[in-house]
Amino acid sequence: AGAVVTAPVAASDIMDVLRKNTCLACHAVDVKVVGPAFKDVSHKYQKLPDVVGYLAGKIRSGGQGLWGAVAMPPQPLSDADARRIAQWLAQGATP
């Protein structure tokens, strides 16, 4: 499958999505909280061929071991919200 081109996500819009889905309880843009900083996630994965698809999947399924001992539980957010967050991360996670 080819890469899906997604429209850029505005930082002002993404903060509402992050708040609505309680992402900010464990993550911040520039510093590690419980989970890694969004900027760190962006930097680590930006060169993946399907970064948006990969990150959207990881957001929804959760994971453990890539960023330390604390697991990220599966997140019950919509596919659209997961893809918007992943697109913002792929764009560099600029606040």
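Everything here concerns the structure above.
Report follows, based on the coordinates. Starting from 1, residues in each chain are numbered consecutively following that chain's sequence as written. Residues qualify for local features only when their pLDDT is at least 70, as the model is predicted, and side-chain atom pairs are given and counted only at 80 or more; totals for whole chains, interfaces and linings, by contrast, use all residues. With hydrogens and water excluded, all non-hydrogen atoms of the structure serve as input to the side-chain values.

Some points on helix α3 (residues 51-61)
Link 1 in the chain: Per-residue accessibility, obtained with a 1.4 Å probe over protein chains only, is compared with the maximum for each type, and a residue is labelled buried under 20%, exposed over 50%, and partly exposed between these values. A run of H or I in DSSP becomes a helix once it reaches four residues, and a run of E becomes a strand once it reaches two; helices and strands are each numbered from the N terminus. Taken as a whole, α3 has its buried residues at Val51, Val52, Leu55, Ala56 and Ile59. Projected down its long axis, α3 shows its buried positions confined to an angular sector of 120 degrees, all on one face.
Link 2 in the chain: Just downstream of α3, Gly62 is the residue with a positive phi angle, here 75 degrees. To obtain the arc, one takes the directions from the helix axis to the C-beta atoms.

Some thoughts on a nonpolar patch on the surface
Link 1 in the chain: The patches reported here contain residues having more than 30% relative accessible area and no salt bridge. Joining distances are 9 Å for like charges and 5 Å for nonpolar side chains (Val, Leu, Ile, Met, Phe, Trp, Tyr). What sets the accessible areas is the Shrake-Rupley method with a 1.4 Å probe; for residues, cover comes only from the shown protein chains. Salt bridges, as used here, are contacts in which a Lys or Arg side-chain nitrogen is within 4 Å of a carboxyl oxygen on Asp or Glu. Taken together, the side chains of Val31, Val33, Val34 and Val70 make up a nonpolar region of the molecular surface, amounting to roughly 330 Å² of accessible area.
Link 2 in the chain: With respect to the helices and strands, the residue Val33 is situated in the loop between α1 (11-20) and α2 (38-45).

Quick word on the layout of surface pockets
Over the atoms rolls a probe the size of a water molecule, and in doing so it shows where empty space is left.
Link 1 in the chain: Looking at the largest pocket, its volume works out to about 630 Å³.
Link 2 in the chain: Cavities and pockets are defined on a 1 Å grid built over the protein atoms alone: a cavity is a set of grid points where a 1.4 Å probe fits but cannot escape, while a pocket is an open set with protein on both sides within 12 Å along at least five of seven lines, and lining residues are those with an atom within 4 Å of any such point. As for the largest pocket, its lining consists of 32 residues, of which His27, Gly35, Pro36, Trp67 and Met72 are closest to the centre.
Link 3 in the chain: Those elements giving two or more residues to the lining of the largest pocket turn out to be α2, α3 and α4 (79-90).
Link 4 in the chain: The element contributing the most residues to the lining of the largest pocket is α3, with 4 residues.
Link 5 in the chain: Classification convention: Asp, Glu, Lys, Arg as charged; Ala, Val, Leu, Ile, Met, Phe, Trp, Tyr, Cys, Pro as nonpolar; all other residues, Gly among them, as polar. Considering only residue class, the lining of the largest pocket consists of 20 nonpolar, 10 polar and 2 charged. Grid points are joined across faces, edges and corners, and a volume is the space filled by probe spheres set on the points.

Thoughts on the environment of Ala69
Link 1 in the chain: Relative to the helices and strands, Ala69 resides in the loop between α3 and α4.
Link 2 in the chain: The class for Ala69 is exposed, based on a relative accessible area of 68%.
Link 3 in the chain: Spatially, the C-alpha atom of Ala69 lies 10.0 Å from that of Gly35, the residues being 34 residues apart in sequence.

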